[in-house]
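Each chain, letter by letter, is given below.
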Amino acid sequence: MKRSTRREALKHLAITPLALVTASPFLSACENMEPTHKLKGNINHSVCQWTYNFLSLDELCQVVKKIGFNAIDLIAPKDWPTLQKYGIYSSMCYIGGKVSLTEGFNNKKFHEQLVKEYLDVIPLMVKAAYKNVICFSGNRNGMDDETGLKNCVEGIKQFVGLAEKNNVMVHMELLNSKVNHKDYMCDKTPWGVELVKRVGSPNFKLLYDIYHMQIDEGDVIRTIRDNKDHIGHYHTGGVPGRNIIDETQELYYPAIMKAILESGFKDYVAQEFMPLGNNNDEKIAQLKKAVKICDV
């Protein structure tokens, strides 16, 4: 069976209508249910919506509340009202227009439109009381690292001042270029850290995706410890396969989460694995299990 990816999900982001509340058996069953697990409160948990897009956003909001946390990652402005209806926080926002992993800030021809999108979304985030917004480097297409750094700095500096004034954090995501995102430029932590330093803003950091960086560079815990001041957000995922983060894969997430906690990190850790199961209940059970694994 064909597996969905975030890039495929993004193709439909701008045209997918807002999820509607229906009288489905799922919603009726979840209504008014109490959380099934008491979380410790040390980690702010979230889940990336695209990995659970076999549920409507209304259904996912109710699952999140039932498990016992209150945040969903990678949500565009058009879908914020659905989250607000359930008291769920948008822990990582998308811009309102086209979201592209391949056409990013490393290419000046995209700056005008990208800068406009971020200047537009930041005031909306302030009004909604959201703090985090994601951005991407884009693909290399033959470009060298230094040119990409300079171009990214030039583009990001055109709107990061507005982010500073409004206490909004802009996060560039680290993605692997070995398996999932061939040719993506921001594919190594040192390149991303150098970008953060050159931008020179307390409101620009990295989204460290543990799954992606295990594939491209490994050494996850030491990297987290050494670069804690430059990382503002985390995503999870099992390696290999981006499946559940349990004992079936090569990363030991309890130790990783303890390192994150010990670094003084206060933002969100979002689950971004592809759940496997014969039905929705089995897939939802994997989300609950993953949250418990990370709840150190």
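The written sequence of each chain sets the order in which its residues are numbered from 1. At least 70 in pLDDT is required for a residue's local features to be given in this predicted model, at least 80 for side-chain atom pairs to be given and counted, and no such filter applies to totals for whole chains, interfaces and linings, which use all residues. Just so you know, side-chain values use all the structure's heavy atoms and leave hydrogens and water out.

## Side note on the environment of Asn151
Considering the arrangement of structural elements, one finds Asn151 in helix α6 (residues 145–156). Separated by 46 residues in the primary sequence, Asn151 and Phe105 place their C-alpha atoms 6.5 Å from one another. In this structure, Asn151 is in contact with Phe105, Asn106, Lys108, His111 and Met143, ignoring residues within four places of it in sequence. Strands are runs of DSSP state E lasting at least 2 residues, helices are runs of H or I lasting at least 4, and numbering of each runs from the N terminus. In what follows, a contact means two residues having at least one pair of non-hydrogen atoms within 4.5 Å.

## Let's talk about the side chain of Thr236
Looking at the secondary structure, you find Thr236 in the loop between β7 (231–235) and α11 (253–262). The exposure class of Thr236 is buried, given its relative accessible area of 0%. For this analysis, a polar contact is any N or O atom pair within 3.5 Å, provided that within protein one partner can donate a hydrogen and the other can accept it, and provided that sequence-adjacent residues contribute only side-chain to side-chain pairs. For Thr236, the side chain forms a polar contact with the side chain of Gln271, separated by 2.8 Å. Among the polar contacts listed, one links the side chain of Thr236 to the backbone nitrogen of Glu272, at a separation of 3.3 Å. Beyond its immediate sequence surroundings of up to four residues, Thr236 is in contact with Tyr211, Ile245, Tyr253, Val269, Ala270, Gln271, Glu272, Phe273 and Cys294. Whether a residue is buried, partly exposed or exposed follows from its accessible area with a 1.4 Å probe, protein chains only, as a fraction of its type maximum: under 20%, in between, or over 50%, in that order.

## A few points about the pattern of salt bridges
The term salt bridge refers to a pairing of a side-chain nitrogen on Lys or Arg with a carboxyl oxygen on Asp or Glu at a separation within 4 Å. Under the criterion given, the structure shown has 16 salt bridges. In this structure, Arg198 and Glu194 form a salt bridge, with 2.8 Å as the shortest nitrogen-oxygen distance. Residue Arg198 and its partner Glu194 are both found in helix α8 (residues 189–199); the two are separated by four residues, about one turn of the helix. When its relative accessible area of 29% is taken as the criterion, Arg198 is described as partly exposed. One salt bridge connects Glu272 with Arg242, and the closest N-O pair in it is separated by 3.7 Å. Pair noted here: Glu272 is in the loop between β8 (268–271) and α12 (280–294) and Arg242 is in the loop between β7 and α11, with a separation of 30 residues, a long-range link. Pair check on accessibility: Glu272 and Arg242 agree, each one buried. Here the residues in one salt-bridge network are Arg140, Asp145, Asp187, Lys188 and Asp216, joined through shared partners.

## Considerations on the packing of aromatic side chains
Ring geometry is summarised as follows: Phe, Tyr and Trp rings, the Trp one being its six-membered ring, pair when their centres sit within 6.5 Å, and such pairs are stacked at plane angles under 30 degrees, edge-to-face over 60 and tilted between the two. Here the structure, examined in full by the defined rule, presents 10 aromatic pairs. Ring geometry for Tyr52 versus Phe273: centroids 6.5 Å apart, planes at 85°, classification edge-to-face. Of the two residues, Tyr52 is situated in the loop between β1 (44–48) and α3 (57–67) and Phe273 in the loop between β8 and α12; the sequence distance between them amounts to 221 residues. A residue is classified by how much of its surface remains accessible, and Tyr52, at 1% relative accessible area, is buried. With 5.0 Å between their ring centres and 85° between their planes, Trp80 and Tyr130 make a pair best called edge-to-face. In this pair, Trp80 is assigned in helix α4 (residues 80–86) and Tyr130 in the loop between α5 (111–128) and β4 (132–135), connecting sequence segments 50 residues apart. Considered together, Trp80 and Tyr130 belong to a single accessibility category, that of buried residues. Through successive ring pairs, a cluster of aromatic residues spans Trp80, Tyr89, Tyr130 and Tyr268. Placement of a charge over a ring requires the Lys NZ or Arg CZ to be within 6 Å of the ring centre, with the centre-to-atom vector within 35 degrees of the ring normal. Sitting above the plane of the Phe54 ring, Lys283 keeps its charged end 4.7 Å from the centroid.

Functional significance is not addressed by these values, which are geometric in nature.
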